[in-house]
Amino acid sequence: NKTAVISMIDCSKHKFSNIKEEYENKIFEMIYRLIDLKYNVVLFSFCKAEGDELAIDRVYKRINHDKLKFVTKHQYDGDIDKSLSVIKDSSLVIGTRFHSIVLALTFKKPVIPISYSIKTNNMLADLSFQKKIIDIKDINDFNVKDIDEESLNYICDTSSVTSKSLKHFEILDEYIRKGTINE
């Protein structure tokens, strides 16, 4: 069975309260599209304090009863291993939360990012991410039919950035070992 994880935010808790309805409608459409593509869907809350669970509940309540068997909710409750395994065991991540995108990339999962911050855009640009990045402000422009085989299977290659990032600590390691930096 294929599983798609969708991380959500509560737009009313961010500077996007004006597009809350559009965002939640599009997530709702994505859920139905994924079910049509034979996915089970996990609506994933990273942060209760920022209203993720409220947004998830609003969308979940709209799902037809016959489709609910394909949709579950996961709320991060402090059990990091359980939450990591939800993402690690998934087939796809549609991520609004930055950390959902990072974890999808870390676990080499296809990811469809919904960006609401420059931090997400910059990270994906640094990785030369080759697929559509949905800008939350333009969420209505995204057609869920664009969730196709190509986007469902695209895995961003992070290996060059990963190896470069390890080198960032070599100077620090040397300093810690020797107490000096050789330039």
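Each value, and the rule that gives it
- Residues numbered from 1 in each chain as written.
- Predicted model: local features only at pLDDT ≥ 70, side-chain atom pairs only at ≥ 80, totals over all residues.
- Heavy atoms only, no water.
- Disulfide = S-S within 2.5 Å.
- Core = buried A, V, L, I, M, F, W, Y, C linked by side-chain atoms within 4.5 Å.
- Buried < 20%, exposed > 50% of the residue type's maximum accessible area, 1.4 Å probe, protein only.
- Helix = DSSP H or I, 4+ residues; strand = E, 2+ residues; numbered from the N terminus.
- Phe/Tyr/Trp six-rings, centres within 6.5 Å; stacked < 30°, edge-to-face > 60°.

Asks: Looking at this structure, I do not really get the state of the cysteines. What am I missing?
Replies: Among covalent bonds in proteins, the disulfide is the one between the sulfur atoms of two cysteines. If you walk through the whole model with that rule in mind, you get zero disulfides. With no disulfide partner, Cys11 has as its closest neighbouring cysteine sulfur the one in Cys47, 14 Å distant.

Asks: Looking at this structure, how should I read the nonpolar core?
Replies: The nonpolar side chains of a soluble globular protein tend to be buried, and buried together. Formed by 35 residues in total, the largest nonpolar core has its most connected members in Ile31 and Leu34. Elements with a contribution of two residues or more to this core: strand 1 (2-7), helix 1 (20-36), strand 2 (39-45), helix 2 (52-60), strand 4 (92-95) and strand 5 (111-115). Ranked by the residues each element gives to this core, the list is headed by helix 1, at eight residues. With 19 residues, the next largest nonpolar core counts Phe46, Phe98, Ile101 and Val111 among its residues.

Asks: What exactly am I supposed to notice about the packing of aromatic side chains here?
Replies: Each pair of aromatic rings is reported with the distance of its centres and the angle of its planes. Under the counting rule described, the total for this entry stands at four aromatic pairs. Measuring from ring centre to ring centre gives 4.7 Å for Phe28 and Tyr32, while their planes differ by 40°; the resulting arrangement is tilted. You can see Phe28 and its partner Tyr32 sitting in helix 1, four residues apart, about one turn around the helix. Both residues of the pair, Phe28 and Tyr32, count as buried. Aromatic pair Phe129 and Tyr154: ring centres 5.4 Å apart, planes at 80°, arrangement edge-to-face. Residue Phe129 is found in the loop between helix 5 (118-126) and strand 6 (134-135), and its partner Tyr154 is found in the loop between helix 6 (149-153) and helix 7 (159-167); the two are separated by 25 residues along the sequence. We note that Phe129, like Tyr154, is buried.

Structural measurements only, silent on function.
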